[in-house]
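The lines below spell out each chain.
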Amino acid sequence: MKLKEIERTAVQAWSPANHHPIYLATGTSAQQLDASFSTNATLEIFEVDFRDPSLDMKQKGTLPASNRFHKLIWGNFGNGSPESSGVIIGGGDNGVLTMYSVHHILVSKSEPVIGQTEKHSGPVRALDFNPFQSNLLASGANDSEIFIWDLNNFSVPMTPGAKSQPHEDISVVSWNRQVQHILSSAHPSGKAVVWDLRKNEPIIKVSDHSNRMHCSGMAWHPEVATQLVLSSEDDRLPVIQIWDLRFATSPLSQLEGHTRGVLSVSWCQADPELLLSSAKDNRILCWNPSMGEVVYELPIRSQWCFDVQWCPRNPSVFSAATFDGWINVYSVMGGNLEAQQKTQADKISSSFNNLDPFGTGQILPPLQVPEQVAQTTLIPPLKKPPKWIRRPVGVSFAFGGKLISFGLTKAPGQQMQQTYPHQVFISQVTTETEFLLRSRELQMALQSGNLLDYCQGKIQTAKLPFDENLWNFLKVNLEQESRTKLLKLLGYSKEDLQKKITSCLSNGIPDKQPLPEADETNAAQPDQLLINSSDDVAAVSSSSAFFDNLIPQNMSTLEIPVTEDTDGLISQALLLGNFEAAVELCMRAERFADAIILAIAGGENLLKETQKRYFAKHKTKLSLLLSSVVQQNWQDIVCTCDLQSWKEALAILLTYSKHEDYTHLCDMLGARLESEGDAALSNDACLCYISSGNVERLVECWVKNHETSSPLALHSLQMNQGL
Amino acid sequence: MIHDAQMDYYGTRLATCSSDRSVKIFDVRNGGQILIADLRGHEGPVWQVAWAHPMYGNILASCSYDRKVIIWKEENGTWEKTYEYTGHDSSVNSVCWAPHDYGLILACGSSDGAISLLSYTGDGQWEVKKISNAHTIGCNAVSWAPAVVPGSLIEQPSGQKPNYIKRFASGGCDNLVKIWKEEDGQWKEEQKLEAHSDWVRDVAWAPSIGLPTSTIASCSQDGRVFIWTCDDASGNSWSPKLLHKFNDVVWHVSWSITANILAVSGGDNKVSTAACHVFGRAMMRQALVTFV
């Protein structure tokens, strides 16, 4: 797929791999002349911007050069400083080697030429930068001259050894990609010489003895240090030979596919299984050297391509310079060529402007450019996916915090081939390990049922008091009798309260008379302490309902005083359901109303006791009556009432007393009236006897009071008897 | 060589694809691994697999170097090819299913620079829309935006069905991340995000819970991982933040379901996860797993 093109009769050089954005430098070619026969030389730098879908490249810098170039290379030298973008070295005629600073060309401030030498004797056709040391440059020219230059000291070169015999032109020099002191040079006679710079002499000469090769191109294997390829320009043997220096007498294999001589080769640094070659049969082929097969073919239309180069930074892109004066940038990743043909037609049409050259006043139809290639040229992509597209490692998240990952194994030692495992790992991502630990503990505790210990453990490790309380509550909840223990946790235990109350009562408000009933109630209290909590619970719930009803509508918020004074003690006692204590406290504090009310809630017995005590304390006339009525103590009334109010007493008896007691009590009243009262009252005693139905006493009383016996009275007696 | 491994929605099945041209499906419940299916049909290494939402059934899409996208479906316990798409001129590098609210739509990114969108219209028919020249030398990754209107967590939902704007992000060999929006049935390039200096290998749009921030993670050949955040709901201003520069090419980024952890896998043989806060502040937590 063609990406970019420019029309230049030039040699080209890509910017190095670590340089961003990608640039292409072109220098007017010395071996070609364009149609205008001009010998002006310019060095230009273009930006290859893939974001721009058009075919043009933007020119970023230009510089007129003193001479034309045979070879151009771009190196990293001086890339340490932030403003430098490397250097371009151009080899020209007459042994001229010029060094340009790229940054100065781009910015065009100061003089970009930073060095020039003329040490070589002929045109410098071969140049290469050392991939490990960016200041070392190798150059080759006529007479088997090879010089090694140190860019820091550009004036004095070194030689790798004695010149190889016979003297001939050097077509290519190339540094080894794995070992930094190995250099090789290719000669048109078909041999390649490998130099070792440490020993300063050639170590091997590689040549095909059939002697038909005319070496046009040479490249080292990017990964295997001992392999290189040589390409032959000879039409009789248009092959690319792969040599391995470990066996240097005959080539390892030969790539045969071109029909005419191969003009240039380029080995992709990113994927060693891609080797590009261009030949005089108008084709650019991409080979897989290890398999020896063609993986990609790019037909060019018309002219030979004399220079192909992979882009170091963008591994799917390569540039091809052709003899018809075009430099094109292609991508191996497929796509089609039709876009290119269309723009050609458009260009021609637009330059003629659809004008009517014949003056017939009609607009010409759009120009049809005869296509040499079929309209939809779909170039199939590389047969085998290149290394840079194969994803070796990946990771993805899945539901539940799982992480799926797969990847390369680390190659041990010097092993070149990375083993590709067939394993996928599923792992669990835990971001909160502490949380997980705790949940695991909880889970274990739940399973074993041993929750009490778990809570205990939590209590001990709790840092905040709130946490401790929390865990205490939880623990207690799990135990039996949770409610009492919870109460205890709250700080309200029955025993403590009891102690408090007794101490308060003994020290506190002294009451007027320690009544015997009061002592009884005090003695009764320890027994009542042992009342089952369930009773209290029932009492609490009923009393709370009771209290709810007592609360008036618009009462302010309920404050429960828990201080140590009487109020507080009372409420504490209430909280625990200890009504006796509460009542006791109320009585002591002379809050009789509260006491009675509480007593009602506290049960029948408590009520009676409280009533007794209350009445004991209050001694008014009415209170006695009240107490008797409430306590249903008629006997007291009968015995102690004032005789003048015997009618009232009888009335009470009539109203309240039960049938069994009634007669007895009436008799008592009557007896009292008789014995204690005077004559008038004795008559009233008869009335009592009548109401009680006690005939004998009636008779006695009546006889006593009435001496005469009259038949009327006897008659009434008999009636009574009958009754 | 395995190129991708994805779990399905519920985490019960694992699909893997590899250079041996096959797609394998395993049942991985309770830590076991049972091979359920070995799907053949591709003629080149298979680069990626993607599970569709379970409401459509058990559907898996795979894309391969042979320029094909194949959609597989499980019927009555057996897996079969239901659709094969061959409309690309070059290797198809990435497939991604759209959120299920949009229907059954698959986006495929290819090395010929085009992105195709396959929509299921019913009855075994698929409609194809192609965006040509999305990325000049090839598209490496596609990722859909979640089907949540940004800001819907904070603003009260209006009660009517929200009209979703379909968006997805793509990363390509032109070092760009592009955001595409559907307008009137046509896909238009909405944004171009430039920050990488080499091929963008993967993009991933973070799942959203309705907060007004949208987040995209992108990783590249140059070893850098960028987090792009857009704070306004209209999606116009994206700002990048460099998460980390690794020593080697970063191949894949993937967000966790709650979008607060990003898993990054790179060529330096390490899998790292980073915790990222929703509001754009990222913290690195290094190397959970190292392959040996």
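Scroll up to find the structure.
None of these values were measured; they are calculated from a predicted model.

> Looking at this structure, how should I read the overall build of chain B?
A count of helices and strands for chain B gives zero helices and 24 strands. Going through the 292 residues of chain B one by one, you find that 60% of them count as buried. In chain B, of all internal contacts separated by at least 6 residues, the share reaching a separation of at least 24 is 43%. A total of about 11800 Å² of accessible surface is found on chain B, and carbon and sulfur atoms cover 47% of it.

> It is not clear to me how the pairing of strand β14 (residues 172-175) of chain A should be interpreted in this structure. Could you clarify?
Regular strands place their side chains on alternate faces of the sheet. Residues of β14 of chain A alternate between two faces, with Val-172 and Ser-174 of chain A on one and Val-173 and Trp-175 of chain A on the opposite face, all of them buried. Hairpin remark: β14 of chain A followed by strand β15 (residues 182-186) of chain A, antiparallel, with six residues in the connecting loop.

> Honestly, the environment of Asp-112 of chain B in this entry has me stumped. Any pointers?
Residues and elements named next belong to chain B. The residue Asp-112 is located in the loop between β10 (105-110) and β11 (115-122) in this model. For Asp-112, a relative accessible area of 9% gives the class buried. Considered as a pair, Asp-112 and Ala-134 are 22 residues apart in the sequence and their alpha carbons are 9.1 Å apart. Separated by 2.9 Å, the side chain of Asp-112 and the backbone nitrogen of Asp-89 make a polar contact.

> Sorry if this is basic, but what is going on with a nonpolar patch on the surface here?
A cluster of nonpolar residues, Leu-464, Phe-466 and Leu-470 of chain A, forms a patch on the protein surface that exposes about 310 Å² of accessible area. Mapping Phe-466 of chain A onto the fold places it in helix α5 (residues 465-478).

> Teacher, can you tell me more about the packing of aromatic side chains here?
Geometry of an aromatic ring pair is reported as the spacing of the ring centres plus the angle between the planes. All names here are of chain B. Under the definition given, this model contains 19 aromatic pairs over all chains. Ring centres of Tyr-9 and Tyr-10 lie 5.2 Å apart, and the angle between their planes is 85°; this geometry places the pair in the edge-to-face category. Given a relative accessible area of 47%, Tyr-9 falls into the partly exposed group. For Tyr-10, a relative accessible area of 52% puts it in the exposed group. Here a set of aromatic residues connected by ring pairs shows up, and it is made of Tyr-83, Trp-97, Tyr-120 and Trp-126.

> So what exactly am I meant to see when it comes to the layout of surface pockets here?
Empty space among the atoms can be located by rolling a probe the size of a water molecule over them. In this structure, the second largest pocket occupies an estimated 1300 Å³ of space. Looking at the second largest pocket, it is lined by 46 residues, and the ones nearest its centre are Trp-51, Cys-96, Trp-97, Pro-207 and Ile-257 of chain B. Looking at the lining of the second largest pocket, the elements that each hand over two or more residues are β29 (394-398) of chain A together with β1 (2-7), β5 (46-51), β9 (92-97), β13 (139-144), β17 (200-205) and β21 (250-255) of chain B. Residue composition of the lining of the second largest pocket, by class: 32 nonpolar, eleven polar and three charged.

Rules of the game
- Residues numbered from 1 in each chain as written.
- Chains lettered and ligands numbered in written order.
- Predicted model: local features only at pLDDT ≥ 70, side-chain atom pairs only at ≥ 80, totals over all residues.
- Heavy atoms only, no water.
- Helix = DSSP H or I, 4+ residues; strand = E, 2+ residues; numbered from the N terminus.
- Buried < 20%, exposed > 50% of the residue type's maximum accessible area, 1.4 Å probe, protein only.
- Contact = heavy atoms within 4.5 Å.
- Areas by Shrake-Rupley, 256 points an atom, 1.4 Å probe, with all protein chains shown as cover.
- Pairing = 2+ DSSP bridges.
- Polar contact = N/O pair within 3.5 Å; in protein donor to acceptor, adjacent residues only side chain to side chain.
- Patch = residues over 30% accessible without salt bridge, like charges linked within 9 Å, V, L, I, M, F, W, Y side chains within 5 Å.
- Salt bridge = Lys/Arg side-chain N within 4 Å of Asp/Glu carboxyl O.
- Phe/Tyr/Trp six-rings, centres within 6.5 Å; stacked < 30°, edge-to-face > 60°.
- 1 Å grid on protein atoms, 1.4 Å probe; cavity = no way out; pocket = protein on both sides within 12 Å on 5 of 7 lines; lining within 4 Å.
- Points joined across faces, edges and corners; volume = space filled by probe spheres on them.
- Nonpolar A, V, L, I, M, F, W, Y, C, P; charged D, E, K, R; others polar.

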